[in-house]
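# Overview (structure and organization)
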Amino acid sequence: MKKLNELMQEIILLTTKMETDYPELYRYLDETPLVICDTEEKAICLADMEKYLESLKEQLEHHISTHTSRSNMPS
């Protein structure tokens, strides 16, 4: 399992790429549901951050695949 700072660095890099290269996707990140460590301690759980990072990657992959297929369609 990765350390928290490694996960945060990956998340920052990925969201920066989304903001720069895919601004139409980036604006929806505020709507991405995320529960960070739903415990009484209110600590950040590594497993939750890994899930969040994976969900960001999946959103970007889905956006790229649907965006690419649409832009290649004849008008």
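What counts, and where the lines are drawn
Residues numbered from 1 in each chain as written. Predicted model: local features only at pLDDT ≥ 70, side-chain atom pairs only at ≥ 80, totals over all residues. Heavy atoms only, no water. Helix = DSSP H or I, 4+ residues; strand = E, 2+ residues; numbered from the N terminus. Buried < 20%, exposed > 50% of the residue type's maximum accessible area, 1.4 Å probe, protein only. Contact = heavy atoms within 4.5 Å. Areas by Shrake-Rupley, 256 points an atom, 1.4 Å probe, with all protein chains shown as cover. Salt bridge = Lys/Arg side-chain N within 4 Å of Asp/Glu carboxyl O.

## Remarks on the overall build of the protein chain
For the protein chain, the count of helices and strands is three helices and zero strands. Listed N to C, the secondary structure of the protein chain is α-α-α in terms of helices and strands. In the protein chain, which comprises 75 residues, the share counted as buried stands at 23%. Here the analysis covers contacts within the protein chain between residues at least 6 apart in sequence; of these, 64% occur between residues at least 24 apart. For the protein chain, the computed accessible surface area is about 5,800 Å², with 54% contributed by carbon and sulfur atoms.

## Focus on the pattern of salt bridges
Side-chain pairs of opposite charge can arise whenever the charged atoms involved come near each other. The final tally for this structure, using the stated rule, is three salt bridges. Of the charged contacts in the structure, one is a salt bridge between Lys-57 and Glu-10, with a shortest N-O distance of 3.7 Å. One end of the pair, Lys-57, is in helix α3 (residues 46-71); the other, Glu-10, is in helix α1 (residues 4-21), and 47 residues separate them in sequence. You can call Lys-57 partly exposed: its relative accessible area is 28%. Glu-10 sits in the partly exposed class, given a relative accessible area of 24%. Here Glu-54 ties to Lys-57 by a salt bridge, and the two come within 3.6 Å at their closest N and O atoms. Pair noted here: Glu-54 and Lys-57 are both in helix α3, with a separation of three residues, about one helical turn. Here Glu-54 falls in the partly exposed class, since its relative accessible area comes to 39%. Put simply, Glu-10, Glu-54 and Lys-57 are held in one network by salt bridges that share partners.

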